[in-house]
Amino acid sequence: MLSGISIICFAASYSVSLGLESTRLLFRARFRYPLVVGFGIAGWIAHSLFLAFRIRLQLDGGLPLSSWLDWCLLAAWVLVAMYLLSAFLNPRVATGLFLLPAVLILIGLACLLRDLPTFSQDAATRWWGMSHGLTLLLG
């Protein structure tokens, strides 16, 4: 079931959400907010399932999140989470106009970098160590 989810599924949801968000500049409509958030949540759920499926496959034969494809998709996933949180906390602010293009660029970059080889064990450990240290520093 999860293998049927592709990058196009959540990229399309984010594109629709961005398109609806951009109409905010043209006119006001009450129905827009539930649609924007609905498409954003649908895309985020599909994105989450896609990443979970990839991690599960990689645990069987290698290191999880050990390629540029995975890292770009993970960064896009975090940006969408920030967007949805912002949309719930302050629905009058159009943060999607700034975050969703970055998300779509990261997804496009992930598609371009799909064929690059995965990181070696040492490189993956170094990346995880740097990201762990950076998050500890930010905390």
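Reading the values: the criteria
- Residues numbered from 1 in each chain as written.
- Predicted model: local features only at pLDDT ≥ 70, side-chain atom pairs only at ≥ 80, totals over all residues.
- Heavy atoms only, no water.
- Phe/Tyr/Trp six-rings, centres within 6.5 Å; stacked < 30°, edge-to-face > 60°.
- Helix = DSSP H or I, 4+ residues; strand = E, 2+ residues; numbered from the N terminus.
- Core = buried A, V, L, I, M, F, W, Y, C linked by side-chain atoms within 4.5 Å.
- Buried < 20%, exposed > 50% of the residue type's maximum accessible area, 1.4 Å probe, protein only.
- Contact = heavy atoms within 4.5 Å.
- Axes fitted to C-alpha atoms, helices over the stretch in contact; angles between N-to-C directions.
- Left-handed = near helix turned anticlockwise from the far one by under 90°.
- Nonpolar A, V, L, I, M, F, W, Y, C, P; charged D, E, K, R; others polar.
- Salt bridge = Lys/Arg side-chain N within 4 Å of Asp/Glu carboxyl O.
- Patch = residues over 30% accessible without salt bridge, like charges linked within 9 Å, V, L, I, M, F, W, Y side chains within 5 Å.
- Areas by Shrake-Rupley, 256 points an atom, 1.4 Å probe, with all protein chains shown as cover.

A. Examining the packing of aromatic side chains more closely. Summed over the entire model, instances satisfying the criterion amount to three aromatic pairs. Measuring from ring centre to ring centre gives 5.2 Å for Trp44 and Trp77, while their planes differ by 15 degrees; the resulting arrangement is stacked. A residue pair is termed long-range when its members are at least 10 positions apart, and Trp44 in helix H2 (residues 32–61) and Trp77 in helix H3 (residues 68–89) qualify at 33 residues. By way of ring pairs, the aromatic residues Phe10, Tyr14 and Phe50 are connected into one cluster.

B. Local environment of the nonpolar core. By size, the foremost hydrophobic cluster in this structure holds 25 residues, and its most contacted members are Ile7, Phe10, Tyr14, Leu73, Val103 and Ile107. Elements supplying a minimum of two residues to this core: helix H1 (7–22), H2, H3 and helix H4 (96–112). At eight residues, the largest contribution of residues to this core is made by H3. If we ignore the near neighbours within four places in the chain, the residues touching Ile107 are Ile7, Phe10, Ala11, Tyr14, Leu73 and Ala76.

C. The arrangement of the packing of H1 against H3 in detail. Viewed as axis vectors pointing N to C, H1 and H3 meet at an angle of 35 degrees, and their least axial separation amounts to 13 Å. Relative to H3, H1 is oriented so that their crossing is left-handed. Residues Ile7, Phe10, Tyr14, Ser17 and Glu21 of H1 form the contact with H3, whose own contacting residues are Leu69, Leu73, Val80 and Tyr83. Residue composition of the contact of H1 with H3, by class: seven nonpolar, one polar and one charged.

D. The pattern of salt bridges, seen in detail. Summed over the entire model, instances satisfying the criterion amount to two salt bridges. Its salt-bridge partner being Arg24, residue Glu21 comes within 3.2 Å of it at the nearest N-O pair. On the basis of relative accessible area, Arg24 is assigned to the partly exposed category, the value being 24%. When the shortest N-O distance is used, the salt bridge between Arg54 and Asp70 registers 2.6 Å. One end of the pair, Arg54, is in helix H2; the other, Asp70, is in helix H3, with 16 residues separating them in the sequence. When its relative accessible area of 1% is taken as the criterion, Asp70 is described as buried.

E. Just a nonpolar patch on the surface, in detail. There is a patch of nonpolar side chains on the surface, built from Val16, Leu25, Leu26, Phe27, Phe31, Leu35 and Phe39 and spanning about 710 Å² of accessible area. Among the structural elements, Phe39 can be located in helix H2. Phe39 sits in the partly exposed class, given a relative accessible area of 33%.

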